[in-house]
Structure formats: structure tokens, C-alpha cells
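Descriptive structure summary
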Amino acid sequence: MKKIVLLIHLFLSLFAFAQNEQLAQYYYDKGDFEKAKISYEELLQEIPQNSQYFLRIIDCSQQLQQFESAEKAIQQRLEKYNQGNLLVELGYNFQLQKNEAKAKIYYEQALDRIKKNPNDVYGISNAFERKVLLEYALKSYQTASELDKNFNFNYQIGLLYGQLSNMEMMISTFLDEAYANPQNSIRIQNQLVRFMMDEGDANFNEILRKALIVRTQKNQDLFWNHYLSWFYVQQKEFEKAFIQEKAIYKRNSESLANIVNLGQLAIEDENQEAAKEILSFVLENTQDFELLIQANSYLVTMRIEKASEKDFAAISTTLDGLLKQFGLSPFTLSLQLIQAHFTAFNLKKPEEGKAMVKRALELQLNDYEVANAKMELADILLFEEKFNQALIYYSQIELDLKNDVMAHEASLKAAKTSYFKTDFAWALKQFKELKSANTQLIANDALEYFLLINDNTVADSTQTALKQFAKGDYLLYQNRNQEAITQFQLILKNHKGQEIEAVTLLRLGKIYEKKGDFALALSQYQTIIDQHSDGIYIDEALYFSAEIYNKQLIPEEAKPLYEKVLFHHQDSIYFVEARKKFRQLRGDTNL
């Protein structure tokens, strides 16, 4: 019984202490430093050795300009615990009083502590960083590293150089560390990407590029070719990355996997010329069965995407030839599914396409391969307007591969199926859930459809225009592009000036782009810019227009369009790309 009473008492004490800590934090966050100070003093009496409580008391005293009180408290704690970081706190207390000379004395004393005992670097450097005394933090790490070669603070030093805007030293330090300790490479690359994309000045990419080229020339280690290839991939300059990958392969011809992956990245960025060159190199230089299948799958998929009806016979012959050459097995599943999709969607022979998928499902497939085949079967059933049967297969994938990316993709396709059926209430619910998906592409797609349904339901409770729009989207899904154009044009005619107009113009613009009719595409986007500048599709209209000018017409005319995205649409998903391309056109970097 006594033990139970003791445990209850202990629990209540801990609960009360936690409440007091929350109250102190509340006062501090609120800016009520007088009450916060009193609360933290009470907490410190309970746990005198807690440095966080003490530092909060000092901070509150300084906020209240009680500098003498703060100095006295720090001196007493320094005498009691003899911690080097308290010298930094003393110095900073004088700095707040504009006594720079006195502050410097204590900062130098803190550095002297490190010289006597390098292990003090952790507390002292941390204190300097918290006070944003970056030069002193840098000296702390450098002093400790010089005295004890077992210390490695290159990563922290690199970060500090970056914060001090010394880009050359940051890059040099990071690259030295990456070479010495390759296990830290990804961590360092993540930091470099931040400066490349978000925080760096206009010259950062050029400084990094030159540093990597110099190291590639001075040191024959393939490590630097890999790093330079990585850099060019970040810049989406796949041709230059390919030069580095070829150099690597010539000296170490064990695997072409990296080159295949590079080809895939070029495809994803819609750089088909680079992708063809890269994947053709793979086909010329490998007998590896898996790589041959992978490269051929990518190449034939690209052909299909750009094909017109006159090309279909040749593509059919190519697919037949590849499957005859490599055989029907789990290894050639990607080619079998490409053939099934092409047969159903392009040749308009869904029954034959389904038969091909069902034949593939009879092979000894693993769970992911089964899910891939079922996804294709569901897609073809959806093409045939067999909505409920398609939903069954999408649901099976969701259940079989819970929380996997493929399961999320199946969920998205199921939501689109409900949308095509004009079951907007259910589709809206599904899209709402998928907005927070881990995969950015799926989340963005779900958000687009969520806004489409939501906005046009609010604007028109009968959903008349939305139903017509869903029909147009379904025609696009079926590769009936000309009929889709007619459908969307009918919406513009019958619902002029309504909520649906802007997104309809956007759809037409993308269709015309795909057909290569860039003038018509620009015309649709310009109408959005002129008449729907306050809508949610304005950033897309500006960015897509800029892309057409930059890649297809007059690059110089893309610059003001990218600039509008930068200055007026900072929350756009195209912001980072627009900034990068604007800088390139402006000539900020010599990439």
C-alpha cells in the first residue's frame, strides 16, 4: 500500500513539474519575460544542474535589460561548474551593452579553453553558434581540429563558411570532406542543393562547377567524375552528365546501370534527344539481359508518345520483334505491358490488350509485378468504360501494397475513375485524402482535381459544366484528342465567363502543345493571363508560356514570363524552376 501511495505521489509531482515547465515556456513565447524568469528560477531550484533553465533565466534578464543581474548569475555558475560556454555567455552579456572590448576578452578566453582542452569545443562552439557569433564558432572548430587530428568538423565548418557567404571556402571544405569520407557525400550534396536552388547567390553554381572541373582535371579518381555528373543532373544538363558517365564507363565498364538511370531522368525531364543518345549507347555496349529490356522499354515508350497513326504499324513490328527476341517471361514484363497498352489505347483493340495482360499474369510474378499487370488491366477496363471492374483492380492493388507508392498511384487512378463517372462527391473525398500523399507528383495531381471539383461545384451546384469537363478529360484519357478538343471548345462556348473557363483554356493549351501547335497553345494561355489573372491557373499559364518560348520559339521572350512567376507567384510549384531558368536566360551563370 505504501508503495502505491509513493508511486501516486511521484506521478503527481512529475505532472506538476511538467505543468510548471509548460507555463514557463508559455510566458517565454508570449514575451512576458518577468513571469517567465520567475517560473524558470523555480524550475532551476528543483534541478540546479539544468543548463537550459539557467540559459532561459539569463535570456529573460537580458530581455529585461537586467545585465548586472545576468552577469552575477553567470559568474556564480562559472565558479560552480567551470563550463567554457559560460565565458561566451559572459561576453555576449557585455556585447548587448555595446561593450565590444570586454566581450572580446571573454570570447578569446573561451577559445583559450579549447586550446587547453580541445574537448571543450562542443559546448563553446554551440554557444557561439546560438549567439550567431559565426567567426568565433568557426575559430572554435578550426582550433580543436588543429590540436586533435581525431576531430572532424569539416561539415560544421563548411556550413559556417556558407552562413558567412564565403562560398569558395564552403565548397572547398565540403568537397574535401566528401572525398575523405564518401559516406558523408549525400549529406553534403543535400546542403549544396540548398544553395544551388534556394539560398545561393547567382554565382554559386558557377563556382561549384569550376571547383569540380578543377578537381576532375587534377585528380584522376572517378569520384570526381561521379560528382560532376551529379552536378550536371541537378542542372538538368543531361548531355554533360552523359559525358562524365561515359568517361567513368570507359575506365570501369562493370555496369551501365547509372547510364540507364541517367536516360530515365532525361525522359522524366522531357529531354528526349538526350535520352535517345544515352539509351542508344547502352544498347551498343551491353549484353546484359535486364539492361537491354530496360533500355528498349524506355526507347519504345518514347516512340509511342511522339507517334502519329502512320507510325503505328512500325511500332507494332518493333514490339513483336523485341518480345520474340527476348521471350515471354517475368523479365520482359515491362515490354509486354507496353505492348498491351499500345494495342488498347493506340490501336483501339482493348480486348487484345487485355488478353496480353492476362497472359502476363499467368507468369511467375512477384507482388510488385502482379500489381503492375493489374494496374494495366484496370487502365484498359477504364478505357472500355468498365468503371466498376477497373475500380475492383485498383482496390486490389491498394490492399495488396498498403502505403506503397504504387498503392497511392492506384488510389489516384480510382479517384479519377470516380471523377470520369461524374461521381464527384466520392472523387472529391478521395482527392482530399491524396493531397497529403508522400509522393509529390501524386499530391500535386490530387490537389489539382480537388480544386477543380470543389471550385466548380461552388460556382455551379448543378455541376453541368463540370460534367462536360470530366467528359473531355475522359476523351483525353482514351487518346481521342480531337474529340476532346471539340468537347472543351463546346464548354468555352456554352460557359463563357464562368469558373470552368480558365481550366478549360489550360487543358486546350496542353493538348495543342502536345500536337506541336505552339501558336494555338500560347493563345489559350494568353487568354488566361488577360482574363483570369486573379485565378488559380495564372502561374501555370505564365510558366507554360515561358517554357514554349524558351524551348521552341524565342528564348528571350520567356524571360518576362518567368519573372512574373518569381515576383507574383512565390507559392507556385513552378517557382524554383522558373527562378533557375530566368537566371540562365539573364546570364547569371555560365552553365
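This text gives an overview of the structure that appears in the document.

What counts and how
Residues numbered from 1 in each chain as written. Predicted model: local features only at pLDDT ≥ 70, side-chain atom pairs only at ≥ 80, totals over all residues. Heavy atoms only, no water. Helix = DSSP H or I, 4+ residues; strand = E, 2+ residues; numbered from the N terminus. Expected span 1.5 Å × (residues − 1). Buried < 20%, exposed > 50% of the residue type's maximum accessible area, 1.4 Å probe, protein only. Contact = heavy atoms within 4.5 Å. Core = buried A, V, L, I, M, F, W, Y, C linked by side-chain atoms within 4.5 Å. Phe/Tyr/Trp six-rings, centres within 6.5 Å; stacked < 30°, edge-to-face > 60°. Lys NZ or Arg CZ within 6 Å of the ring centre and 35° of its normal. Salt bridge = Lys/Arg side-chain N within 4 Å of Asp/Glu carboxyl O. Polar contact = N/O pair within 3.5 Å; in protein donor to acceptor, adjacent residues only side chain to side chain. Axes fitted to C-alpha atoms, helices over the stretch in contact; angles between N-to-C directions. Parallel < 35°, antiparallel > 145°, perpendicular 65-115°, else oblique. Left-handed = near helix turned anticlockwise from the far one by under 90°. Nonpolar A, V, L, I, M, F, W, Y, C, P; charged D, E, K, R; others polar.

**What about helix α19 (residues 333-346)?**
- Taking 1.5 Å as the rise per residue, α19 with 14 residues should run 20 Å; its terminal C-alpha atoms sit 19 Å apart, in good agreement.
- Buried residues dominate α19, accounting for 12 of its 14 residues.
- Taken together, the buried positions of α19 are occupied by Leu 333, Leu 335, Gln 336, Leu 337, Ile 338, Gln 339, Ala 340, Phe 342, Thr 343, Ala 344, Phe 345 and Asn 346.
- Here the buried face of α19 lies against α17 (289-306), α18 (312-326), α20 (350-361), α21 (367-383) and α26 (464-477).
- A positive phi of about 60 degrees marks Lys 348, the residue just after α19.

**Things to note about the nonpolar core**
- Counting residues in each nonpolar core, the largest one holds 89 residues, and the members touching the most others are Phe 128, Met 170, Leu 192, Phe 204, Leu 208 and Tyr 227.
- Top contributing element to this core by residue count: helix α13 (residues 222-234), with eight residues.
- If sequence neighbours within four positions are ignored, Phe 204 has contacts with Met 167, Met 170, Ile 171, Leu 192, Phe 195 and Met 196.
- Core analysis: the next-biggest nonpolar cluster, separate from the first, contains 86 residues, Phe 387, Phe 469, Ile 491 and Ile 500 among them.

**Topic: the packing of aromatic side chains**
- Following the criterion strictly, the structure yields 41 aromatic pairs and no others.
- Seen in terms of ring centroids, Phe 469 and Phe 488 are 5.1 Å apart; in terms of plane orientation they differ by 55 degrees. Their pairing is tilted. Remark: Phe 488 occurs in helix α27 (residues 481-494) and Phe 469 occurs in helix α26; sequence separation between them is 19 residues.
- Among the aromatic residues, those joined into a cluster by ring pairs are Phe 345, Phe 383, Phe 387, Tyr 419, Phe 420, Phe 424, Phe 431, Tyr 449, Tyr 474 and Tyr 477.
- Here the basic side chain of Arg 56 rests over the ring of Tyr 28, its NZ or CZ set 3.9 Å away from the ring centre.
- The ring of Tyr 136 carries Lys 139 above its face, with NZ or CZ at 5.4 Å from the centroid.

**Section: the pattern of salt bridges**
- Taken as a whole, this structure holds 29 salt bridges when the rule is applied.
- Between Lys 240 and Glu 237 there is a salt bridge; the shortest N-O distance is 3.5 Å.
- Salt bridges sharing partners connect three or more residues here, namely Lys 236, Asp 269, Glu 547, Lys 551, Glu 577 and Lys 581.

**Brief notes about α17**
- With 18 residues, α17 should reach 26 Å at 1.5 Å per residue; the first-to-last C-alpha distance of 26 Å fits that figure.
- Where α17 is buried, its residues meet α15 (257-268), α16 (272-285), α18 and α19.
- The N-cap of α17, judged by a side-chain oxygen 3.0 Å from the amide nitrogen of Glu 290 a few residues on, is Asp 288.

**Remarks on the packing of α13 against helix α14 (residues 238-251)**
- Taken N-terminus to C-terminus, the directions of α13 and α14 make an angle of 160 degrees; their axes are 8 Å apart at the nearest point. Compared by their axis directions, α13 and α14 come out roughly antiparallel. For the crossing formed where α13 meets α14, the hand is left-handed. Counting all contacts with α13, which are made through Leu 222, Asn 225, His 226, Leu 228, Ser 229, Tyr 232 and Val 233, the residues of α14 involved are Phe 238, Lys 240, Ala 241, Gln 244, Glu 245, Ala 247, Ile 248 and Arg 251.

**Let's talk about the packing of α17 against α18**
- Relative orientation of the contacting elements α17 and α18 amounts to 170 degrees, with a least axis distance of 11 Å. Taken as axis vectors, α17 and α18 run roughly antiparallel relative to one another. Along the contact surface, α17 presents Phe 289, Leu 292, Ile 293, Asn 296, Val 300, Arg 303 and Ile 304, while α18 presents Ala 314, Ile 315, Thr 318, Leu 319, Leu 322 and Phe 326.
- Taken together, the residues of the contact of α17 with α18 break down into 10 nonpolar, two polar and one charged.

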